[in-house]
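In case you want the letters, here they are:
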Amino acid sequence: MDPNTKTIRKIIGLDDSKGKLKYLIHFEGIEECDLIEAEEAYSMWPQFFLKYFEEKLTWVNGSSVVKNCVKNSIKTNNINVNDSKVVEKILGGINSGGQVFFLVQWRDTKESEFIEAQEAYIRCPKLVLEWYHDKIHLK
């Protein structure tokens, strides 16, 4: 079966014994599991891993100051990825009332703002995966 057509059913486990993280993945309709390097898995199934990390991360609810910043800096349901802004770096993340936001630094400016996770997943999935990977301690 072509790896690009496989659908992940579940992550069974992981292995980082040789310094390179690999996931043991069970796919829909296949009895065997595959051990796949993290970088390959992230590039082939980014949306699955974004959701996986979001669920695994233990979020600390933000203070009211941060929540107010989120409310004032984000335009909900108005994702415009065709604008000229490019995310250079993710500075942090917060779960506010069950909704995940990322504080992003825009390229070629000192400006930063909170954007919804869904927008970050579209604009910069690789940066989000790297951020999750650095923050989460998988068991």
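Look up: the structure comes first, before these words.
Numbers given for residues are sequential positions, taken from 1 along each chain in its written order. Thresholds applied to this predicted model are a pLDDT of at least 70 for local features of residues and 80 or more for the giving and counting of side-chain atom pairs; totals over whole chains, interfaces and linings are not thresholded and use all residues. Side-chain calculation: all heavy atoms of the structure are included, whereas hydrogens and water are not.

In short, DSSP must find at least two bridges between two strands for them to pair. Comment: elements are numbered from the N terminus, with helices defined as DSSP H or I runs of at least four residues and strands as E runs of at least two. With antiparallel pairing, the three strands of this open sheet are ordered in space as S4-S5-S6. Single-partner strands in this sheet number two, and they are strand S4 (87-96) and strand S6 (112-116). The average undirected angle you get between the axes of adjacent strands in this sheet is 30 degrees. As defined by bridge partners, strand S5 (residues 99-106) adjoins S6 across five bridges and the pair is classed as antiparallel. Bridging across to S6, Phe101 finds its partner in Glu116. The contact definition used throughout considers only heavy atoms, calling two residues in contact when any of these lie within 4.5 Å. Note on definitions: angles span 0 to 180 degrees between N-to-C directions of axes, and those axes are lines fitted to C-alpha atoms, for helices only across the stretch in contact. Contacts from helix H5 (residues 125-135) reach S4 and S5 within the one sheet, and its direction differs from that of S4 by about 60 degrees.

So, on to unusual backbone geometry. Positioned with a positive phi, Asp108 is a non-glycine residue whose angle comes to about 65 degrees. Within the fold, Asp108 resides in the loop between S5 and S6.

Right, let's talk about the pattern of salt bridges for a bit. Think of a salt bridge as a Lys or Arg side-chain nitrogen and an Asp or Glu carboxyl oxygen that are within 4 Å of each other. Inspection of the entire model under this criterion finds five salt bridges. Of the charged contacts, one joins Lys6 and Asp34 as a salt bridge, the two residues approaching to 2.6 Å between their closest N and O atoms. Of this pair, Lys6 sits in the segment before strand S1 (8-15) while Asp34 sits in strand S3 (residues 33-37), and the two are 28 residues apart along the sequence. Between Glu37 and Lys20 there is a salt bridge, with the nearest N and O atoms lying 3.8 Å from each other. Placement of Glu37 in strand S3 and of Lys20 in the loop between S1 and strand S2 (22-27) is noted, with a sequence separation of 17 residues between them. Residue Glu37 is classed as partly exposed on the basis of its relative accessible area, which comes to 32%. Each residue gets one of three labels from its accessible area relative to the maximum for its type: buried under 20%, exposed over 50%, partly exposed in between, using a 1.4 Å probe on protein chains only. Since its relative accessible area comes to 48%, Lys20 is described here as partly exposed. Taken together, the shared-partner salt bridges in this structure form one network comprising Lys85, Glu111 and Glu113.

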